[in-house]
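# Analysis of the macromolecular model
Below, each chain spelled out in residue letters.
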Amino acid sequence: MRRTLPAAFVALFISLNGCAKDYSLAPPADSELITVTVKVPEELEAETMQVMYRSTLCTFTDHTASGQPYKRDGYQRTDIQPVRQGQSDLYKARLSIDGGGACQWRLSNVIFGVAYGNATRFGESVTYGAGGGVVVIFDHNNSPRGGADIEVDGDLTIKKDYYPWLSEAFLGGYRKQISLAGEGNIYLSYQASQARQVYFEPVLHSEFLVSSIGPKVKKKGSYATFNYPDGSVEDVARATPDFRRLQAVRLAAESKK
């Protein structure tokens, strides 16, 4: 499903050109494609891909923090639902590098990932939190999630471990969420300007659930309590589980089998 530009953004275009133009995407039939493939674990589902295009022709005026005007590339986002390949666990989407149209749009970045589709399996009031996301940048602009942490040459293959994390928070309103605890930030971020194939395989270790209970009162020394799958408990100021500890717990358990 394609999303339209914000009204304020369209107004900027109109003010620059004196009349409205067609700023829609129109990829040519012979556009070179980038294929994004996600291998989705049984318990999870593929999220809708947020695809960003940019244009150096259809610019608009923005302002610095001090109020100074400057030109920015136009941008256009379209949402694409990856398609399941038969009865397999592979989901694919093909992205046109050339976005076409009067603005000559070019593919800039894509945000995608996996999530728990049915969070209530962990409890009636449980909602999905975060984790399991990927950002791939194809040009030299930041994505809506910021810049890239890793730069790669050629095609991109990502295979990462994840653990279910059930968190209970009280400060700022009660929340009980199931998230995907992995290495690094909520979103893994890559720059892959030469990639034509992007493959993401999240490996979910569903039997190694970590849980946490946040502090109920905001005061010095009041920390979150993390309960790890081996029965160990940790009270720390850290906001997320210790990924290395989770890896060590799993590897120790697997070595005993």
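Up top is the structure these notes are about.
Just so we're clear, the structure is a prediction, and the values are computed from it rather than from any experiment.

The rules behind each value
The numbers attached to residues start from 1 for each chain and follow its sequence in the written order. Reporting in this predicted model follows two pLDDT cut-offs: at least 70 for local features of residues, and 80 or more for side-chain atom pairs to be given and counted; totals over whole chains, interfaces and linings ignore these cut-offs and use all residues. As a rule here, side-chain values come from all non-hydrogen atoms in the structure, and water together with hydrogens is ignored. Working definition: helices are DSSP H or I runs of at least four residues, strands are E runs of at least two. Numbering for both runs from the N terminus. Whether a residue is buried, partly exposed or exposed follows from its accessible area with a 1.4 Å probe, protein chains only, as a fraction of its type maximum: under 20%, in between, or over 50%, in that order. In this analysis, two residues are considered to be in contact whenever any of their non-hydrogen atoms come within 4.5 Å of each other. Per-residue and other accessible areas were derived by the Shrake-Rupley procedure at a 1.4 Å probe size, with only the shown protein chains allowed to occlude residues. Charge assignment in this entry is limited to Lys and Arg as positive and Asp and Glu as negative, and neither His nor the chain termini are counted. Note that the charge is assigned to NZ on lysines, CZ on arginines, CG on aspartates and CD on glutamates. Each pair of aromatic rings taken from Phe, Tyr and Trp, with Trp reduced to its six-membered ring, is defined by centres within 6.5 Å and is described as stacked if the planes are under 30 degrees apart, edge-to-face if over 60, and tilted in the remaining cases. A positively charged side chain is recorded as over a ring if its NZ (Lys) or CZ (Arg) lies within 6 Å of the ring centre. The angle to the ring normal must also be within 35 degrees. The criterion for a disulfide is a pair of cysteine sulfur atoms lying within 2.5 Å. The rule for a salt bridge is simple: a side-chain nitrogen of Lys or Arg has to be within 4 Å of a carboxyl oxygen of Asp or Glu. Side-chain atoms within 4.5 Å link the members of a nonpolar core, which is a set of buried Ala, Val, Leu, Ile, Met, Phe, Trp, Tyr and Cys residues. To estimate the expected span of a helix, subtract one from its residue number and multiply by 1.5 Å. Nitrogen and oxygen atoms within 3.5 Å of one another constitute a polar contact, given that in protein one can donate a hydrogen and the other can accept it, and given that sequence-neighbouring residues count only through two side-chain atoms. In this scheme, strands are said to pair when DSSP sees at least two bridges between them.

## Quick look at the overall build of the protein chain
Secondary structure summary: the protein chain contains 2 helices and 18 strands in total. Counting only C-alpha atoms and orienting by the principal axes, one finds that the protein chain spans roughly 65 × 45 × 35 Å. In the protein chain, which comprises 257 residues, the proportion classed as buried is 39%. Sequence separation of 24 or more characterises 70% of the internal contacts of the protein chain that already satisfy a separation of 6 or more. In the form shown here, the protein chain has an accessible surface area of approximately 14,000 Å², with 48% of it arising from carbon and sulfur atoms. In the protein chain, the 29 positive side-chain charges and the 28 negative ones have mean positions that sit 5 Å from each other.

## A short note on the packing of aromatic side chains
Scanning all chains against the criterion turns up 9 aromatic pairs. Between tyrosine 116 and phenylalanine 122, the aromatic rings sit 5.1 Å apart at their centres with planes inclined by 80°, giving edge-to-face as the arrangement. Cluster of aromatic residues (ring-pair linked, three or more members): Phe112, Tyr162 and Phe200. Cation over ring: arginine 245 sits above tyrosine 228, and NZ or CZ is 4.5 Å from the ring centre.

## Some words on the side chain of serine 96
Mapped onto the elements, serine 96 comes out in strand β6 (residues 90-96). Judged by its relative accessible area of 13%, serine 96 is buried.

## Quick word on the state of the cysteines
According to the stated counting rule, one finds 1 disulfide in the structure shown. Between cysteine 58 and cysteine 103 runs a disulfide, and the two sulfur atoms are separated by 2.1 Å. A torsion of -90° about the S-S bond marks the disulfide between cysteine 58 and cysteine 103 as left-handed. With a gap of 45 residues between them, cysteine 58 in strand β3 (residues 49-63) and cysteine 103 in the loop between β7 (98-100) and β8 (105-116) connect regions that are remote in the sequence. The two residues cysteine 58 and cysteine 103 agree in class, both being buried.

## Notes on the pattern of salt bridges
Considering all chains together, one arrives at 10 salt bridges under this definition. A salt bridge links glutamate 183 to lysine 160; its shortest N-O distance comes to 3.6 Å. Here glutamate 183, found in the loop between β13 (175-182) and β14 (187-191), pairs with lysine 160, found in strand β12 (residues 156-169); they are 23 residues apart in sequence, far enough to count as distant. Overall, glutamate 183 belongs to the partly exposed group, its relative accessible area being 44%. The class of lysine 160 is partly exposed, set by a relative accessible area of 26%. Here arginine 250 ties to glutamate 254 by a salt bridge, and the two come within 3.2 Å at their closest N and O atoms. Pair noted here: arginine 250 and glutamate 254 are both in helix α2 (residues 243-255), with a separation of 4 residues, about one helical turn. Relative accessible area serves as the criterion here: at 33%, glutamate 254 is assigned to the partly exposed category. One salt-bridge network, in which partners are shared between bridges, spans Asp161, Arg250 and Glu254.

## Remarks on the nonpolar core
In this structure, Met49, Val110, Phe112, Val136, Leu156, Val198 and Phe200 are the most contacted members of the largest nonpolar core, which totals 41 residues. Per-element accounting of this core gives the leading share, 6 residues, to β8. Filtering out sequence-adjacent residues up to four positions away, valine 136 remains in contact with Ser108, Asn109, Val110, Phe112, Leu156, Tyr190, Ala192 and Val198.

## Some words on α2
If you check α2, its first and last C-alpha atoms are 18 Å apart, about what 13 residues at 1.5 Å a residue would give, namely 18 Å. Each element contacted by the buried residues of α2 is listed here: β12, β13 and β16 (210-213). Its side-chain oxygen 3.1 Å from the backbone nitrogen of arginine 244, aspartate 242 forms the N-cap of α2.

## A closer look at the pairing of strand β1 (residues 33-39)
In summary, the side chains of a regular strand alternate between the two faces of the sheet. With respect to burial, β1 is a largely interior element, 5 of its 7 residues being buried. Inspection of the sheet shows β1 paired to β6 by 7 bridges, in the antiparallel sense. Among the inter-strand pairings, isoleucine 34 is bridged to a residue of β6, identified as leucine 95. Pairing between β1 and strand β15 (residues 197-204): 4 bridges, direction parallel.

## Some points on the environment of arginine 121
Along the polypeptide, arginine 121 turns up in the loop between β8 and β9 (127-128). Residues arginine 121 and threonine 157, spaced 36 residues apart in sequence, show a C-alpha to C-alpha distance of 31 Å.

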